[in-house]
Amino acid sequence: MSPTIQVTTVDQLVKAVAEHLPFPTELYADMGAENWALQIYFGPRCAGDELPAHRAGIDPDTPDSTWWIEIGHGEHITVSELGPTTPVESVAAWITTQSRRASAIGDAAVCAPA
């Protein structure tokens, strides 16, 4: 499958969105997808984890290339209707709103052993 948007474009969008988020973030290229694109990681870092428990991004290898967020290591996944042409401020506001779910769950619950 060829990407619907270039990985370099995704990386630029992810960096721009991360700059507008009101909480600390880490950028990391996910190696589980066909194309290694940056993703935004945030939230608690659970014992034994290299990266924080929550992440958000936009995949270059999906037909609709919409922004998504995963809370608690993928326990809760929300896919938006926001795409690569959505203003980065709007994407950051959506991620911020969605991240409230993480706050409602609580860091201790997110990092609790299954």
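Details of the structure are given in the entry above.
Scoring rules and cut-offs
Residues numbered from 1 in each chain as written. Predicted model: local features only at pLDDT ≥ 70, side-chain atom pairs only at ≥ 80, totals over all residues. Heavy atoms only, no water. Pairing = 2+ DSSP bridges. Helix = DSSP H or I, 4+ residues; strand = E, 2+ residues; numbered from the N terminus. Axes fitted to C-alpha atoms, helices over the stretch in contact; angles between N-to-C directions. Contact = heavy atoms within 4.5 Å. Buried < 20%, exposed > 50% of the residue type's maximum accessible area, 1.4 Å probe, protein only. Salt bridge = Lys/Arg side-chain N within 4 Å of Asp/Glu carboxyl O. Phe/Tyr/Trp six-rings, centres within 6.5 Å; stacked < 30°, edge-to-face > 60°.

(A) Up close: the sheet that holds strand S4 (residues 67–71). Spatially, the five strands line up as an open sheet ordered S1-S2-S3-S4-S5, and their pairing is antiparallel. The sheet is open, and its two borders are formed by strand S1 (26–29) and strand S5 (76–79), each paired with just one other strand. If you compare each strand with its neighbour and ignore which way they point, the axes differ by 20° on average. By the bridge criterion, four bridges tie S4 to S5 in an arrangement that is antiparallel. Bridging across to S5, isoleucine 69 finds its partner in threonine 78. Docked against the sheet, helix H1 (residues 7–19) engages S1, strand S2 (38–42), strand S3 (54–58) and S4, running at close to 25° with respect to S2.

(B) Molecular detail of unusual backbone geometry. In this model, histidine 73 sits at a positive phi of 55°, which is unusual for a non-glycine residue. Within the secondary structure, histidine 73 sits in the loop between S4 and S5.

(C) Region of interest: the environment of leucine 38. Following the sequence through the fold, leucine 38 ends up in strand S2. Exposure remark for leucine 38: the relative accessible area of 15% places this residue in the buried category. C-alpha separation for the pair leucine 38 and valine 10, spaced 28 residues apart in sequence, amounts to 7.1 Å. If we skip the residues at most four places from it in the chain, leucine 38 touches Val10, Asp11, Val14, Lys15, Leu27, Tyr28 and Ala29.

(D) Looking closely at the pattern of salt bridges. For the structure shown, the criterion picks out two salt bridges. Across the pair arginine 45 and glutamate 26 runs a salt bridge, and its minimum N-O distance is 2.1 Å. Taken together, the residues arginine 45 in the loop between S2 and S3 and glutamate 26 in strand S1 connect sequence positions 19 residues apart. With a relative accessible area of 28%, glutamate 26 lands in the partly exposed category. Here arginine 55 ties to glutamate 70 by a salt bridge, and the two come within 2.9 Å at their closest N and O atoms. Of this pair, arginine 55 sits in strand S3 while glutamate 70 sits in strand S4, and the two are 15 residues apart along the sequence. As far as the burial class goes, arginine 55 and glutamate 70 line up, both buried.

(E) Structural view of the packing of aromatic side chains. Counted under the stated rule, the structure contains two aromatic pairs. When the centroid spacing of 4.8 Å and the interplanar angle of 35° are considered together, the rings of phenylalanine 23 and phenylalanine 42 count as tilted. With a gap of 19 residues between them, phenylalanine 23 in the loop between H1 and S1 and phenylalanine 42 in strand S2 connect regions that are remote in the sequence. Classification of phenylalanine 42 by relative accessible area gives buried; the value is 5%. Pairing tyrosine 28 with tyrosine 41 gives two aromatic rings, centres 6.0 Å apart and planes at 85°, and the pair type is edge-to-face. Highlighted residues: tyrosine 28 in strand S1 and tyrosine 41 in strand S2, separated in sequence by 13 residues. Taking the relative accessible area as the measure of exposure, tyrosine 28 reaches 31% and is therefore partly exposed.

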